[in-house]
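Spelled out from the first residue to the last, the chains are:
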Amino acid sequence: MQNPVEEILHKRHSLRRYAKRQPERGVIDACLEAARIAPSAQNSQLWRFHVIDDPALRDEIALAATGGVYLPSKFIREAPVIIAALAKTDIRINRIGTFLQGVQFYLFDLGVACQQLVLRAEELGLGSCYIGWFDVDAVRRLLTVPKNEHLVCLLALGYPPEGYTLPGTHKRKELHTIARYNRE
Ligand SMILES: Cc1cc2nc3c(=O)[nH]c(=O)nc-3n(C[C@H](O)[C@H](O)[C@H](O)COP(=O)(O)O)c2cc1C
């Protein structure tokens, strides 16, 4: 594959096992920088990223996040970095969008930024996994998230363990079932 974007898009898969190696701050910052330059509705840039790379705090958060019904997400306890992806909800464009169009633009904006982060992580050799299934209230408490910020998801980041082999192709719907042209 010649095109680097295409290569990264195909390479990225959710990683749920991680090497112990701690990702360097410079590498994490490069991922955050990719999120920083993402587009957003009216350039509102309402995203906030809270990086947890301190092992003790990471353990505390990962444990609290994955108790009880959230146990299926317990693999994040092995992830050396957890990033809480947050969005400020008191932004005018978001209120207008919700009121007039029924669209929560902040979720869209944050999703775009997260995907830029994740793709840059992949390029830098890090694997990642989005975590939507976790105890939001417990994590909010531990990170003292302000009321005007919505904690939408977590991103687990880490290097793949030794000997890790990528899954083959993505399991996805056929293109013709999800896209059409004109009046087809
Ligand atoms: C918003 C969002 C939330 C997700 N939440 C979880 C989760 O809680 N636990 C998990 O194991 N994977 C989670 N995933 C990962 C998806 O299961 C995964 O992206 C999908 O199965 C496609 O596989 P791939 O990422 O390897 O291509 C989430 C993905 C997204 C985009």
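A. Representation of unusual backbone geometry. Phi at Gln42 takes a positive value of approximately 55°, unusual for a residue other than glycine. Mapped onto the elements, Gln42 comes out in the loop between helix H2 (25-36) and strand E1 (47-52). In this structure Gln42 comes out as exposed when scored by relative accessible area, which is 64%. Phi at Thr144 is positive, roughly 40°, even though this residue is not glycine. Note that Thr144 resides in the loop between helix H6 (136-143) and strand E4 (149-158). Exposure remark for Thr144: the relative accessible area of 66% places this residue in the exposed category.

B. Structural view of the site of the ligand. Around the ligand sit 13 residues in total, of which Arg12, Ser14, Arg16, Gly132 and Arg172 are the nearest. In the model, a nitrogen atom of the ligand is placed 2.9 Å from a nitrogen or oxygen of the Gly132 main chain. Separating an oxygen atom of the ligand from a side-chain N or O atom of Arg172 is a distance of 2.8 Å. Starting from 620 Å² of accessible surface for the ligand in isolation, the protein chains cover 58%. Here the residues of the shell around the ligand sort into five nonpolar, five polar and three charged.

C. Quick peek at H6. Looking only at H6, the buried set comprises Ala138, Val139, Arg140 and Leu143. Looking at the buried residues of H6, the elements they touch are E1, helix H3 (55-65), strand E2 (81-88) and E4. Immediately downstream of H6, the backbone of Thr144 shows phi near 40°, a positive value.

D. Focus on a nonpolar patch on the surface. On the surface, Ile96, Phe99 and Leu100 cluster together to form a nonpolar patch covering roughly 370 Å² of accessible area. Within the secondary structure layout, Ile96 lies in helix H4 (residues 92-101).

E. Highlighting the packing of H3 against H6. Running from N to C, H3 and H6 cross one another at 155°; their axes reach a closest spacing of 8 Å. By the angle between their directions, the pair H3 and H6 is classed as roughly antiparallel. Residue-level inspection shows Glu60, Ile61, Ala64 and Ala65 of H3 in contact with H6, the latter providing Ala138, Val139, Leu142 and Leu143. Along the lines of polarity and charge, the residues of the contact of H3 with H6 split into seven nonpolar, no polar and one charged.

Rules of the game
- Residues numbered from 1 in each chain as written.
- Predicted model: local features only at pLDDT ≥ 70, side-chain atom pairs only at ≥ 80, totals over all residues.
- Heavy atoms only, no water.
- Helix = DSSP H or I, 4+ residues; strand = E, 2+ residues; numbered from the N terminus.
- Buried < 20%, exposed > 50% of the residue type's maximum accessible area, 1.4 Å probe, protein only.
- Near = heavy atom within 4 Å.
- Polar contact = N/O pair within 3.5 Å; in protein donor to acceptor, adjacent residues only side chain to side chain.
- Areas by Shrake-Rupley, 256 points an atom, 1.4 Å probe, with all protein chains shown as cover.
- Nonpolar A, V, L, I, M, F, W, Y, C, P; charged D, E, K, R; others polar.
- Contact = heavy atoms within 4.5 Å.
- Patch = residues over 30% accessible without salt bridge, like charges linked within 9 Å, V, L, I, M, F, W, Y side chains within 5 Å.
- Salt bridge = Lys/Arg side-chain N within 4 Å of Asp/Glu carboxyl O.
- Axes fitted to C-alpha atoms, helices over the stretch in contact; angles between N-to-C directions.
- Parallel < 35°, antiparallel > 145°, perpendicular 65-115°, else oblique.

Remember, this is a structural readout, not a statement about activity or role.
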